[in-house]
Amino acid sequence: MNFMKTMRTLACAAALTGASAVAAIAADSINQVDGVALHGFDPVAYFVQKRPLKGDPEITYQYKGVTYEFHSAANLALFKKSPDKYLPQYGGFCAFAVAAGAKADIDPYAFAINDGKLYVNFSVDKRDSFQKKVTENVAKANGNWPKVEPQEKIYR
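Counting of residues starts from 1 at the beginning of each chain's written sequence and follows it residue by residue. Where totals are concerned, whole chains, interfaces and linings use all residues; where local detail is concerned, this predicted model gives features only for residues with pLDDT of at least 70, and gives and counts side-chain atom pairs only at 80 or more. Note: side-chain values were computed over all heavy atoms of the structure, leaving out hydrogens and water.

For the chain, an unreviewed UniProt entry supplies the name YHS domain-containing protein and the organism Bosea psychrotolerans.

Put into structure tokens, the structure is as follows:
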């Protein structure tokens, strides 16, 4: 089953079961849940601790109108010094989906760091597919992002 068909199937299943999409999209196209980016995971932890860590709702920082949560004050301090270094690519939407020309939500555990940049994906399978041809997929996603970014449709 191709990615778009899978995403449509998941969206339909959610609608039929009464599940709700809880993410709100900011004007600057950052993937957010209840106003918090990365599903509340600490963006710095992916680089420093080399794994996803849930942020503490008491340790937050607003950057460009978006709230980020941090696992520790030390990670927050690193973010404040150089926020763009730690932000996920494509506004925190699934990198594989952007390469395919769409927006999709993420699983914060399905991540990769390539050339010092954080890429998050819908699932571990999508991350692995993205990584198999990472150079090609990054080029596709970079080319698609200006067209995908303003899209309101998000596959969940």
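Picking up after the structure, the text goes on.
A. Seen up close, the environment of D105. Here D105 lies in the loop between helix 5 (95-99) and strand 6 (107-114). Exposure remark for D105: the relative accessible area of 11% places this residue in the buried category. Remark: the alpha-carbon pair of D105 and S123, spanning 18 residues in sequence, is separated by 9.2 Å. Any two residues having at least one pair of non-hydrogen atoms within 4.5 Å are treated as being in contact. Contacts of D105, omitting those with residues within four sequence positions, involve N31, H39, C94, N121, F122, I154, Y155 and R156. Whenever a nitrogen or oxygen atom comes within 3.5 Å of another N or O atom, the pair is scored as a polar contact, on the condition that within protein one atom can donate a hydrogen and the other can accept it, and that pairs from neighbouring residues in sequence are kept only if both atoms are in side chains. There is a polar contact of 2.9 Å between the side chain of D105 and the side chain of H39. Numbering goes from the N terminus for both helices and strands, where a helix is a DSSP run of H or I of at least four residues and a strand is a run of E of at least two. Remark: exposure states derive from per-residue accessible area (1.4 Å probe, protein chains only) relative to the maximum for the residue type, with buried under 20%, exposed over 50%, and partly exposed in between.

B. Structural view of the nonpolar core. Side-chain atoms within 4.5 Å are what join buried Ala, Val, Leu, Ile, Met, Phe, Trp, Tyr and Cys residues into a set we call a nonpolar core. Counting residues in hydrophobic clusters, the biggest one holds 39 residues, and the most contacted among them are Y68, F79 and Y90. Every element with two or more residues in this core is listed here: helix 2 (45-48), strand 4 (56-63), strand 5 (66-70), helix 3 (73-81), helix 5, strand 7 (117-121) and helix 7 (134-148). Ranked by residue count, the leading element in this core is helix 5, at 5 residues. Either an automatic procedure or a domain database provided the assignment from which the domain bounds are taken. For this core, the two domains that each supply at least three residues are domain 1 (29-87) and domain 2 (88-155). Not counting residues up to four positions away in its chain, the partners in contact with F79 are P43, V44, Y61, Y63, Y68, F70, Y86 and L87.

C. How the structure looks around the pairing of strand 6. Sheet topology places strand 6 next to strand 7; 5 bridges connect them, and they run antiparallel. Within the sheet, the bridge partner assigned to N114 lies in strand 7 and is K117. We treat two strands as partners when DSSP finds at least two bridges between them.

D. Broad picture of the pattern of salt bridges. Definition used for salt bridges: Asp or Glu carboxyl oxygen within 4 Å of a side-chain nitrogen of Lys or Arg. One pass over the full model with this rule turns up 2 salt bridges. The residue R127 makes a salt bridge to D128 at a minimum N-O spacing of 3.0 Å. E136 is paired through a salt bridge with K140; the nearest N and O atoms lie 3.3 Å apart. One end of the pair, E136, and the other, K140, are both in helix 7, 4 residues apart, so they sit about a helical turn from each other. A relative accessible area of 40% places E136 in the partly exposed class.

E. Seen up close, helix 3. Buried within helix 3 we find N75, L76 and F79. Relative to the axis of helix 3, the buried residues are bounded by an arc of 100 degrees and lie together on one face. Turned more than 90 degrees away from the buried face of helix 3 sit A73, A74 and K81, all of them exposed. On its buried side, helix 3 packs onto helix 2, strand 4, strand 5 and helix 4 (83-86). What the arc describes is the spread of directions from the helix axis to the C-beta atoms.

F. Structural context of the side chain of S123. Structurally, the position occupied by S123 is in the loop between strand 7 and helix 6 (124-132). With sequence-adjacent residues up to four places away left out, S123 is seen in contact with D107 and A110.

G. Local environment of the confidence of the model for the chain. In this model, the chain carries a mean pLDDT of 86, and residues with pLDDT of at least 70 account for 82%. Values of pLDDT, which run from 0 to 100, indicate the predictor's confidence residue by residue. A low-confidence stretch, residues 3-27 (pLDDT under 50), is modelled with 35 contacts involving residues beyond four sequence positions or located in other chains.

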